[in-house]
Amino acid sequence: MKVLLIHADYIEYKAKSKTRVAEEIPEELKSQRGEEVLVAFVAVEKADEAAPEEAVGKGIEEIESVFKEVKAKEVMLYPYAHLSPSLSNPEVAVRVFRGLEEGLRGKGYAVKRAPFGWYKAFELRCKGHPLSELSRQITVGEAKEKERVSKAVAAEKKLRSEWYILDPEGRLTPAKEFDFSKEPGLRTLYNYETAGTRSAAKEPPHIKLMKEHELVDHEPGSDPGNLRWYPKGTMIKRLLEEHVTGILLNYGAMEVETPIMYDFAHPNLRKYLDRFPAKQYVVRSDEKEYFLRFAACFGQYLMGHDMTISYRQLPLRLYELTHYSFRREQSGELSGLKRLRTFTMPDMHTLCRDMDQARKEFLNQYKLAMGWMRDLGVEYQVAIRFIKEFYEQNEEFAKTLVKLIGRPILIELWEERFFYFVMKFEFSINDALEKAATLSTVQIDVENTERFGISYVDEDGSKKHPLMLHASISGGIDRNLYAILEHEWMKAQKGERPMLPLWLSPTQVRLVPVAEEHLGYCEGLLAELEVQGIRVDLDDGSSTLEKKIREAEMEWVPYIAVVGGKEIESGTLTVRVRREKGKQKKFTKEELVATIKEEVRAKPFRRLPLPSRLSQRPTFR
RNA sequence: GCCGCCGUAGCUCAGUCGGUAGAGCGGCUGAUUCGUAAUCAGCAGGUCACGGGUUCGAUUCCCGCCGGCGGCUCCA
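Residues numbered from 1 in each chain as written. Chains lettered and ligands numbered in written order. Predicted model: local features only at pLDDT ≥ 70, side-chain atom pairs only at ≥ 80, totals over all residues. Heavy atoms only, no water.

### What to know about the environment of Q532
Okay, step 1: Tracing the backbone through its elements, the reader meets Q532 in the loop between α14 (519-531) and β25 (536-538).
Okay, step 2: Taking relative accessible area as the criterion, Q532 reaches 41% and is therefore assigned partly exposed.
Okay, step 3: Note: C-alpha distance between Q532 and F418 (114 residues apart in sequence) is 54 Å.
Okay, step 4: If near-sequence neighbours (up to four positions away) are discounted, Q532 is found in contact with V593 and K597. (Helix = DSSP H or I, 4+ residues; strand = E, 2+ residues; numbered from the N terminus. Buried < 20%, exposed > 50% of the residue type's maximum accessible area, 1.4 Å probe, protein only. Contact = heavy atoms within 4.5 Å.)

Right, here's the structure in full:
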């Protein structure tokens, strides 16, 4: 007998039509609702036919123990054939159900029962706490094996890990014994990973910045964790997206697009979802339910399943910018741009022939991620996590990775493999509140190609399951902006001038005429710079020069060019250069263009996201 | 999700020991045309998040709810 136990806020079912094995039922059983309920989905199996009474007894025992543990108010027994591939005959099944119902009722519990052998529509809301989803295998006869999968157990297993620091000289030191005095950032990461944080309860500064700069805002008209992006924020987001996509296409990935929602009932997906706690948005379409993807994995797995692949074609890379991924994080976990329910993330899957090839790919992708972090201009920490056994076989590889970074990194070793991967790296940043957030990550997956039936034909003509790398070179795009803003805020605290990287600055050059009579000349300059592919705008308002400069500074404009009689006469530009603490420098137009072009080299470009005349711009908040 | 704190004009905030509100910025109008971080004056903006309750009267007190932030939990 298989039992799936769900602790739910409510369940509601409606009997729709009979199957061939339907029992006759009174009217009141055709539709029922239970609240604060432990729902027991039960499938009676062939093996139970040998001893139905024993199955009933053990079933009651299991349901009762969970019922007490979760403190539910009532039980809903729900015949659910789909739990087992080898069902008992209907007569035995009905006997077992009656036995369970009467037995539990006899112990004084409030019991409801859904009818056997009917097609039923049902709706339930799982509470989602650690014990709210449990499955039990009840075996009659001598074998008395219990199966128990739950978040709580998962968390326990995950905790069984050891922490080390690996330095560029190849020394592996237990983290507890490591001298962090020269590695404050690594210490912050380690503390965060192992102890959480004890820092003061403050709002992360990027939230204020993202609003003040009219980049991103909360959208009260949506579900929490779904944000509103203003033109400047949208431009930044697009540039990040285009850049990471460009990097991956250049690297040889094939870009694809896959659906954002998937059928709960699809057998392969079901298997995968069973392994992870429910954290999905659910979408209804007619009578079916779909979940919104939390990464591009599903679409790419299903595509990979149908592909014919030769070993000659490996490594093979599929890429999608998941615009969007959805994760229904608990409401209390949401935070600004750091933790969202709807976010954008590049997701690449690389199929590899063997571990040698996988390591080589992993290394390449690790380098791509290093390049990405450099382009963002933020400081980052490196953590590499391994299954212990895998680490022992790959110590030299680990040393190669740390050497590339050139400073110590955090190593976590898991006793056993609970997840589907044997190793992964994570590049993370520490924010102003000393919390860590992962950006880039790559994992070596040894499990899912088999689960999803992805295979290639090897040299000898046999079908094999490849290894698969999951790569998110930038990590969540939204989170990248969080990283930049937090980083710039911390810079400002140290007395430096915060600014966005030039390639991401909505305005790169602001023209500020000294007086109205210089406006015409500025218009000409504006057109000339625009043609050169510079994001340039013009403050044509009626306020004073000083005020215009103040406002440009507060907007973090990297180059502010004041244009008056002197500039018109000499044909040069006097520019406040933000990166050089607002120092005024003289440029010719050509020099300014060349300077900017050099600074944004190899980065994508988008035109100014707002009207070029400031007087034409609305306020967004 | 649980617990705590918060929600007053477009923004940042003050205020009302219960008698339906005020500043600065922004916006609009006018004056000023200015050489590197805030020119001056006037005007228009508010169901005090939302829904109930108590009260002669609620923005204020109580309950609920929505949203935000933090802590816990979580983070495939």
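### Considering the domain arrangement of chain A
Okay, step 1: For chain A, the assigned domains are domain 1 (2-145), domain 2 (162-255 + 294-486) and domain 3 (502-616).
Okay, step 2: Here domain 2 and domain 3 have C-alpha centroids that lie 37 Å from each other.
Okay, step 3: Approximately 1400 Å² of surface area, both sides summed, lies buried where domain 2 meets domain 3, with 76% of it carried by carbon and sulfur atoms.
Okay, step 4: Ranking the residues of domain 2 by area buried against domain 3 places K232, M235 and L239 at the top, with a combined share of 40%. (Domains from an automatic or database assignment. Buried area = accessible area lost by both parts, 1.4 Å probe.)

### Overview of the packing of helix α6 (residues 231-251) against helix α13 (residues 477-493)
Okay, step 1: Here α6 crosses α13 at 115°, and the two axes come no closer than 10 Å. One way to sum up the angle between α6 and α13 is to call them roughly perpendicular. Relative to α13, the crossing made by α6 is right-handed. Where α6 abuts α13, its residues I236, K237, L240, E241 and V244 lie against I477, D478, N480 and L481.
Okay, step 2: Taken together, the residues of the contact of α6 with α13 break down into 5 nonpolar, 1 polar and 3 charged. (Axes fitted to C-alpha atoms, helices over the stretch in contact; angles between N-to-C directions. Parallel < 35°, antiparallel > 145°, perpendicular 65-115°, else oblique. Left-handed = near helix turned anticlockwise from the far one by under 90°. Nonpolar A, V, L, I, M, F, W, Y, C, P; charged D, E, K, R; others polar.)

### Looking at the pairing of strand β20 (residues 436-445)
Okay, step 1: Judged by how many residues are buried, β20 sits mostly within the fold: 9 of 10 residues are covered.
Okay, step 2: Note: strand β19 (residues 421-430) against β20, 8 bridges, orientation antiparallel. Opposite F425, over in β20, you have V442 as the bridge partner. (Pairing = 2+ DSSP bridges.)

### A look at the pairing of strand β15 (residues 316-326)
Okay, step 1: The buried fraction of β15 amounts to 9 of the 11 residues, a majority that puts the element mostly inside the structure.
Okay, step 2: Two strands pair when backbone bridges link them, and strand β11 (residues 254-255) and β15 are joined in this way by 2 bridges, in the parallel orientation. When the bridges of β15 are listed, M254 appears paired with L318.
Okay, step 3: Pairing of β15 with strand β16 (residues 342-352) involves 10 bridges; the strand directions are antiparallel.

### Remarks on the sheet that holds strand β12 (residues 261-263)
Okay, step 1: Here 3 strands make up an open sheet; going across it, the order is β12-β14-β13 and the pairing antiparallel. At either end of the open sheet lies a strand with only one pairing partner, and these are β12 and β13 (282-285). Neighbour to neighbour, the strand axes of the sheet diverge by 40° on average, direction disregarded.
Okay, step 2: Strand direction decides the pairing type here: β12 and strand β14 (residues 288-292), joined by 3 bridges, are antiparallel. Each bridged residue has a counterpart across the sheet, and for D263 the counterpart in β14 is Y290.

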